[in-house]
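Listed here are the chains, written in short residue letters.
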Amino acid sequence: MAKHDFESTKVGFIGGGNMARAIGASLIRKGIFNPNNVWVSARTDKTLDLWKDLGANTTLINGQVFDNCDIVFLAVKPNMLQNAVDSIYGTKKQDNKPLFVSILVGIQLHTLAEKLGLLIKSPRIIRCTPNTPMMVGEGITVYCSMNTTNEDELMVHTLLSHIGIAESVPESLMNAIGGLSGSGPAYAYLIIEALSDGAVKMGVPRPMAIKFAAQVLVGAGKMVLETGKHPGQLKDEVCSAGGTTITGVHAMECGQVRASMMNAVEAAVKKSGEMSSK
């Protein structure tokens, strides 16, 4: 689907916080969305300031987003879903039938269908797990769907592909992938900070240390993606016998860095499962 196909598409965000901005603001800045056709609702005007600067339509009334949009992103906190649906029902003025795209962590399709059924019979729903690097066009979004058409899925896939990687997966994998892709940027920031701390300890100025540490992760990631080699093989190619890198790798293994990363993903997945069961 070409870029210009979205110029007339009316897109709404119920909830205008960080993840909504990562998607909507990025697509406006890239020229994919016409800001005149973007609607955003939030509980306070402060949340809407950035959207106003981008030229989007802003409101404190969720029903206005529902009434005016072809696609509605649900971007509230997961525990606010019922309140958001009730608010839409209480303020909508039209029997519109938008495609719903949920970015609510841990909320499964059957729960979304049950809640949104108050608004529309058999609502079309795509459940997404995105991440914040979408803001710079390097995001990851996995998604699954219910009651949708091929056109619905193609449209959302195309949109999300403008700001990173998008891939359809079984719903059974959503929480597991979210523990890696959704939470993973926070783990990467910790690694960048730790690498830069090490460089600072050895005399490198802080701004230079942070810039180089961040570029290390960017470069290493591209090496994995573009060469297709296993990360273990790429690691071995850097580790000369008796050299500095294998000595550093040994220090990391002594600190159980690998186990800590695995534990972090596992903990995030378990927490997502807890949220899904509530």
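Refer to the structure above for everything that follows.
What counts and what doesn't
Residues numbered from 1 in each chain as written. Predicted model: local features only at pLDDT ≥ 70, side-chain atom pairs only at ≥ 80, totals over all residues. Heavy atoms only, no water. Helix = DSSP H or I, 4+ residues; strand = E, 2+ residues; numbered from the N terminus. Buried < 20%, exposed > 50% of the residue type's maximum accessible area, 1.4 Å probe, protein only. Contact = heavy atoms within 4.5 Å. Lys, Arg positive; Asp, Glu negative; His and termini not counted. Charge placed at Lys NZ, Arg CZ, Asp CG, Glu CD. Patch = residues over 30% accessible without salt bridge, like charges linked within 9 Å, V, L, I, M, F, W, Y side chains within 5 Å. Areas by Shrake-Rupley, 256 points an atom, 1.4 Å probe, with all protein chains shown as cover. Salt bridge = Lys/Arg side-chain N within 4 Å of Asp/Glu carboxyl O. Expected span 1.5 Å × (residues − 1). Pairing = 2+ DSSP bridges. Axes fitted to C-alpha atoms, helices over the stretch in contact; angles between N-to-C directions. Parallel < 35°, antiparallel > 145°, perpendicular 65-115°, else oblique. Nonpolar A, V, L, I, M, F, W, Y, C, P; charged D, E, K, R; others polar. Arc of directions from axis to C-beta. Phe/Tyr/Trp six-rings, centres within 6.5 Å; stacked < 30°, edge-to-face > 60°.

Trainee: Where do I start with the overall build of the chain in this structure?
Mentor: When you go through the chain residue by residue, the secondary structure sums to 12 helices and 8 strands. Across its three principal axes, the chain shows a C-alpha extent of roughly 70 × 40 × 35 Å. Burial statistics for the chain: of 278 residues in total, 38% are counted as buried. Partitioning the intrachain contacts of the chain with sequence separation of at least 6 by distance along the chain shows that 67% fall at a separation of at least 24. In the chain, the 26 positive side-chain charges and the 24 negative ones have mean positions that sit 5 Å from each other.

Trainee: Where do I start with a nonpolar patch on the surface in this structure?
Mentor: Taken together, I191, L195, V216, M252, V257 and M261 make up a surface patch of nonpolar side chains, about 460 Å² in accessible area. Secondary structure elements with two or more residues in the nonpolar patch: α8 (184–201) and α12 (257–277). Inspection of the secondary structure puts V216 in helix α9 (residues 206–227).

Trainee: Help me understand helix α1 (residues 18–29), please; the structure alone is not making it clear to me.
Mentor: Side chains of residues three or four places apart in an α-helix project in the same direction, reflecting 3.6 residues per turn. An ideal rise of 1.5 Å per residue puts 16 Å on 12 residues; α1 measures up with 15 Å between its terminal C-alpha atoms. Among all positions of α1, only A20, A22, I23, G24, A25, S26, L27 and I28 are buried. As for α1, its buried residues are in contact with β1 (11–14), β2 (38–41), α2 (45–54), β4 (71–74) and α6 (150–161). Downstream of α1 by one or two residues, G31 has phi in the positive range, about 80°.

Trainee: What's the story with the sheet that holds β1 in this structure? I'm lost.
Mentor: Hydrogen bonds along the backbone pair up the strands of a sheet, which may run parallel or antiparallel. Overall, mixed pairing links the 8 strands, which are arranged β3-β2-β1-β4-β5-β6-β7-β8 in an open sheet. In this open sheet, the two strands that pair with only one neighbour each are β3 (57–59) and β8 (164–168). For this sheet the average axis-to-axis angle between neighbouring strands, irrespective of direction, equals 20°. For β2 and β3, the ladder comprises 3 bridges, and the chain directions are parallel. Bridge assignment links V40 to a residue of β3, and that residue is T58.

Trainee: Quick question: what am I supposed to make of the packing of helix α7 (residues 174–182) against α8 here?
Mentor: Packed helix pairs are characterised by how far apart their axes lie and by the angle those axes make with each other. Interhelical geometry of α7 versus α8 gives an angle of 30° and a closest axis separation of 5 Å. In terms of orientation, α7 and α8 fall into the roughly parallel class. Counting all contacts with α7, which are made through G179, L180, S181 and G182, the residues of α8 involved are G184, P185 and Y187. Grouping the amino acids of the contact of α7 with α8 by side-chain chemistry returns 3 nonpolar, 4 polar and no charged.

Trainee: Just checking my understanding: could you explain α2 for this structure?
Mentor: Taken together, the buried positions of α2 are occupied by L48, W51 and L54. With its buried residues spanning 90° around the axis, α2 presents them on a single face. Of the exposed residues in α2, those oriented more than 90 degrees away from the buried face are K46 and D53. The secondary structure elements touched by the buried residues of α2 are β1, α1, β2 and β3.

Trainee: Would you mind showing me how to read the side chain of T141 here?
Mentor: By secondary structure assignment, the location of T141 is in strand β7 (residues 139–146). T141 has contacts with C128, T129, P130, M134, L160, I165, A166 and E167, leaving out every residue within four places of it along the chain.

Trainee: Explanation requested: the packing of aromatic side chains in the structure shown.
Mentor: In this description, an aromatic ring pair is defined by two values, namely the gap between the centres and the angle between the planes. If you walk through the whole model with that rule in mind, you get 3 aromatic pairs. Here the aromatic cluster, defined as three or more aromatic residues joined through ring pairs, consists of F13, W51 and F73.

Trainee: Whenever I open this one, the environment of P35 confuses me. Can you help?
Mentor: Here P35 shows up in the loop between α1 and β2. Since its relative accessible area comes to 22%, P35 is described here as partly exposed.

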